[in-house]
Amino acid sequence: MDELVFAFSTDGFWKLLPYKEKGLIRENCEVLKKIVQNGIFRKRSELEEDPSFKQIIPYAVISNKTSFYLFRRSSWQTEKRLQNLFSLGVGGHMNPGSSTGHEEHYLHDELKRELFEEVILLNNCNIEDIEFIGFINDDTIPVGRVHIGLLYNIHVSNKEVYINEPEKMTAGWIEKSNLAEFYEGMETWTKIIYDHYIT
């Protein structure tokens, strides 16, 4: 918990974007650029109970045409609040990189780092595009009040995607039309993605 993570002033954030208590605020690349250029690194332990800052979490769905890669976290998952829930997203906290500035490509680097911690791409499965969708916010729950998600869609060229740590989670490809069957078991951010982006 003493790792340095990237954060941005909550008040400053809502001066840049229209406030939404819970939901998806659609893509705004200019705001994203300002956040990356003006955010700060602080100890995660200090930020977890401090709603005056939002910890910035790049969070991506993995898609191939009309299918999405759906994860189910196991009871061995480190984050207890997410155990046994379905998730469409890979992502995590942003840590200091090797670059001296906060260039925009840093976001993609951190997102790919998280992606390849969770999955491996085989048999010529390539990332075709990384599309920024918008900002996920949920101030209705304690964990949401100190985090904000940067939602991306990682489009891959085929379905040869596999879990790196099968003891922590399982996953499989689900057609867009069948995702509703898993809705009640989804974690909060995944429900927001389903409600405001997928449907």
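Residues numbered from 1 in each chain as written. Predicted model: local features only at pLDDT ≥ 70, side-chain atom pairs only at ≥ 80, totals over all residues. Heavy atoms only, no water.

(A) Highlighting the environment of Pro 18. Position of Pro 18 among the secondary structure elements: in the loop between α1 (10-16) and β2 (22-26). Looking at Pro 18, the relative accessible area reads 59%, which means it is exposed. In sequence terms Pro 18 and Tyr 106 are 88 residues apart; their C-alpha atoms lie 25 Å from each other. (Helix = DSSP H or I, 4+ residues; strand = E, 2+ residues; numbered from the N terminus. Buried < 20%, exposed > 50% of the residue type's maximum accessible area, 1.4 Å probe, protein only.)

(B) Structural context of unusual backbone geometry. Although it is not a glycine, Lys 65 adopts a positive phi angle of roughly 60°. One can find Lys 65 in the loop between β4 (53-64) and β5 (67-73). In the Ramachandran plot, Asn 124 falls in the positive-phi region, its phi being about 65° despite a non-glycine side chain.

(C) Representation of a negative patch on the surface. A surface patch of negative charge is lined by Glu 27, Glu 128, Asp 129 and Glu 131. Within the secondary structure, Glu 128 sits in strand β9 (residues 127-138). (Patch = residues over 30% accessible without salt bridge, like charges linked within 9 Å, V, L, I, M, F, W, Y side chains within 5 Å. Areas by Shrake-Rupley, 256 points an atom, 1.4 Å probe, with all protein chains shown as cover. Salt bridge = Lys/Arg side-chain N within 4 Å of Asp/Glu carboxyl O. Lys, Arg positive; Asp, Glu negative; His and termini not counted. Charge placed at Lys NZ, Arg CZ, Asp CG, Glu CD.)

(D) Seen up close, helix α2 (residues 29-38). Here α2 has its buried residues at Val 31, Leu 32, Ile 35 and Val 36. Mapping the buried residues of α2 onto a view down its axis gives an arc of 135°, with all of them on the same face. Residues of α2 that are buried in the fold lie against β1 (4-9), α1, β4, α4 (105-118), β9 and β10 (147-156). The opening residue of α2, the one whose side-chain oxygen lies 3.2 Å from the backbone nitrogen of Glu 30, is Asn 28. (Arc of directions from axis to C-beta. Contact = heavy atoms within 4.5 Å. Polar contact = N/O pair within 3.5 Å; in protein donor to acceptor, adjacent residues only side chain to side chain.)

(E) Representation of the pattern of salt bridges within the structure. Following the criterion strictly, the structure yields 10 salt bridges and no others. Here Lys 168 and Glu 165 are joined by a salt bridge, their closest N and O atoms 3.8 Å apart. Residues joined in a network through salt bridges with shared partners are Glu 110, Arg 113, Glu 114 and Glu 117.

(F) Spotlight on the pairing of β1. The pairing of β1 with strand β3 (residues 40-43) spans 4 bridges and is classified as antiparallel. Within β3, the residue paired with Ala 7 across the bridge is Ile 40. Summarising the sheet, β1 and β4 pair through 3 bridges and their orientation is antiparallel. Opposite Phe 8, over in β4, you have Lys 54 as the bridge partner. (Pairing = 2+ DSSP bridges.)

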